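What follows is each chain in one-letter form.
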Amino acid sequence: MATEAKYSIVQEVGRGSYGVVYEAIVNKTRSKVAVKRMHCNVPENVELALQEFWALQSIQRQHENVIQLEECILQNGQVFQPISHRYRKSDSHLLLIETCLKGRRCMDPKSACFLWFVMEFCDGGNMNEYLLSRSPDAQLNNSFMRQLSSAVAFLHRNQIVHRDLKSDNILISHRRGSPIVKVADFGLSKVCQGKGNVNQHRFSSACGSNFYMAPEVWEGHYTAKADIFALGIIFWAMVERITFRDGDTEKELLGTYICQGKELIPLGEALLENPNMKLQIPLKNKKSMPDDLCKLLHDMLAFNPKERLDAFQLEIRIRQISYGKKRQRSVS
Ligand SMILES: Nc1ncnc2c1ncn2[C@@H]1O[C@H](COP(=O)(O)OP(=O)(O)OP(=O)(O)O)[C@@H](O)[C@H]1O
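Note that the coordinates shown come from a computational prediction; the quantities given were computed from them, not determined experimentally. (Residues numbered from 1 in each chain as written. Predicted model: local features only at pLDDT ≥ 70, side-chain atom pairs only at ≥ 80, totals over all residues. Heavy atoms only, no water.)

J.: Outline the layout of surface pockets, listing residues and values.
T.: In this structure, the second largest pocket occupies an estimated 340 Å³ of space. Within the residue set of the lining of the second largest pocket, elements represented by two or more residues are strand 1 (7–15), strand 4 (69–76), strand 5 (79–83) and strand 6 (113–120). (1 Å grid on protein atoms, 1.4 Å probe; cavity = no way out; pocket = protein on both sides within 12 Å on 5 of 7 lines; lining within 4 Å. Points joined across faces, edges and corners; volume = space filled by probe spheres on them. Helix = DSSP H or I, 4+ residues; strand = E, 2+ residues; numbered from the N terminus.)

J.: Outline empty space enclosed by the protein, listing residues and values.
T.: All told, the structure shown has 1 cavity of 30 Å³ or more when counted by the stated rule. Within this model, the largest cavity holds a volume of roughly 100 Å³. Ranked by residue count, the leading element in the lining of the largest cavity is helix 6 (residues 225–240), at 3 residues.

J.: Go over the site of the ligand with me, naming the residues and quoting the values.
T.: Contacts to the ligand come from 19 residues, most closely from S17, E120, C122, N169 and D185. The separation between a nitrogen atom of the ligand and a polar main-chain atom of C122 is 2.9 Å. Burial of the ligand by the surrounding chains reaches 89%, relative to a free accessible area of 620 Å². Listed by contribution, the elements that provide at least two residues to the shell around the ligand are strand 1, strand 3 (32–39) and strand 6. A per-element tally of the shell around the ligand places strand 1 first, with 3 residues. (Near = heavy atom within 4 Å. Polar contact = N/O pair within 3.5 Å; in protein donor to acceptor, adjacent residues only side chain to side chain. Areas by Shrake-Rupley, 256 points an atom, 1.4 Å probe, with all protein chains shown as cover.)

J.: Could you give an account of the environment of H85, naming the residues involved and the relevant values?
T.: Turning to its location among the elements, H85 is positioned in the loop between strand 5 and helix 2 (91–102). Along the backbone, H85 and S58 are 27 residues apart, and their C-alpha atoms lie at a distance of 8.8 Å.

J.: How would you explain the sheet that holds strand 3 if you had to name every residue and give the values?
T.: Taken in spatial order, the 6 strands of this open sheet run 1-2-3-6-4-5, and their pairing is antiparallel. For this open sheet the edge positions go to strand 1 and strand 5, each flanked by a neighbour on one side alone. Within the sheet, the average angular offset between the axes of one strand and its neighbour, ignoring direction, is 30°. Pairing analysis gives 7 bridges linking strand 2 (residues 19–26) to strand 3, with the strands arranged antiparallel. (Pairing = 2+ DSSP bridges. Axes fitted to C-alpha atoms, helices over the stretch in contact; angles between N-to-C directions.)

J.: Any details on the packing of aromatic side chains? Residues and values, ideally.
T.: According to the stated counting rule, one finds 6 aromatic pairs in the structure shown. Summarising the aromatic geometry, the rings of Y130 and F144 are spaced 6.0 Å apart at their centres and angled 45° between planes, so their arrangement reads as tilted. Of this pair, Y130 sits in helix 3 (residues 127–132) while F144 sits in helix 4 (residues 138–157), and the two are 14 residues apart along the sequence. A single burial state applies to Y130 and to F144, both of which are buried. Relative to Y257, the ring of F244 lies with its centre 6.2 Å away and its plane at 85°, an arrangement referred to as edge-to-face. (Phe/Tyr/Trp six-rings, centres within 6.5 Å; stacked < 30°, edge-to-face > 60°. Buried < 20%, exposed > 50% of the residue type's maximum accessible area, 1.4 Å probe, protein only.)

Structure follows, in structure tokens:
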């Protein structure tokens, strides 16, 4: 007997380097979801897809500012099977893991293999488009900075290092009219084993997007503090509306950098060349930034990761800044 499909695809809403994202409907409830399809044809894609799956399933539904994974479905040819740590691993799932570990394709090359991520739908698109299509708003920036700091502290508390934080990997959804940020795109993330402090864990494979990479990432040895540097770049760019044009996609992106003639040098790369370089914060307008925010950005963008804030300190500091807070009315 033919069973009714669980989801219906409505339309394509975006494309990343490794997957296509669709708006879809859950047929039973008529609720809207986003479905990201990742082609598991080469080991590199399989690794990204599994990393995303491992990170998101380990923290399912626990933080409002992290994208919620409803389920993950493995398609092998015409067969669709949900995968989860709750179920016994199917042969296809084991072959995917083997592909990832061996670095060569272990699935049947004749049958198409995809991972489908069913996620909450974010109606506001990504944070980059969202902010750039609106006038600057300090209160909104403050709210986004708080939400993002809380999300990253949550991830780090759960031993997850994102490693690719940037404004187009952050999505926006709405709750009672207010925008809620959702950290998404966990393809480069790592779930660290063990229960210790996440900041003790060392990584040695360079990864991330150039403009958001900390100096030590450029060098190839880094810790979870690299996520704080990337957030520092995002916050600074958000407050001062500093953008650059992405070479590959031609998109305008929020991010700070150093200008050398006509060339834009990522801040992390420039700091690695000259660790004593003084960052010019604020860059555009002295009045646009209170001293406490200026100090906070310096502490997030410190060259030495040991001197840089960690996510737990950031979560506390961000609540104390005066920037973007509603002024209290004086009583006359
Ligand atoms: N849950 C979602 N709800 C609504 N739109 C989404 C959702 N997830 C992704 N999108 C849209 O699809 C686009 C592509 O997302 P995806 O995560 O595949 O890649 P990306 O972050 O843009 O690119 P890359 O993977 O190359 O860094 C996003 O920019 C966003 O506009």
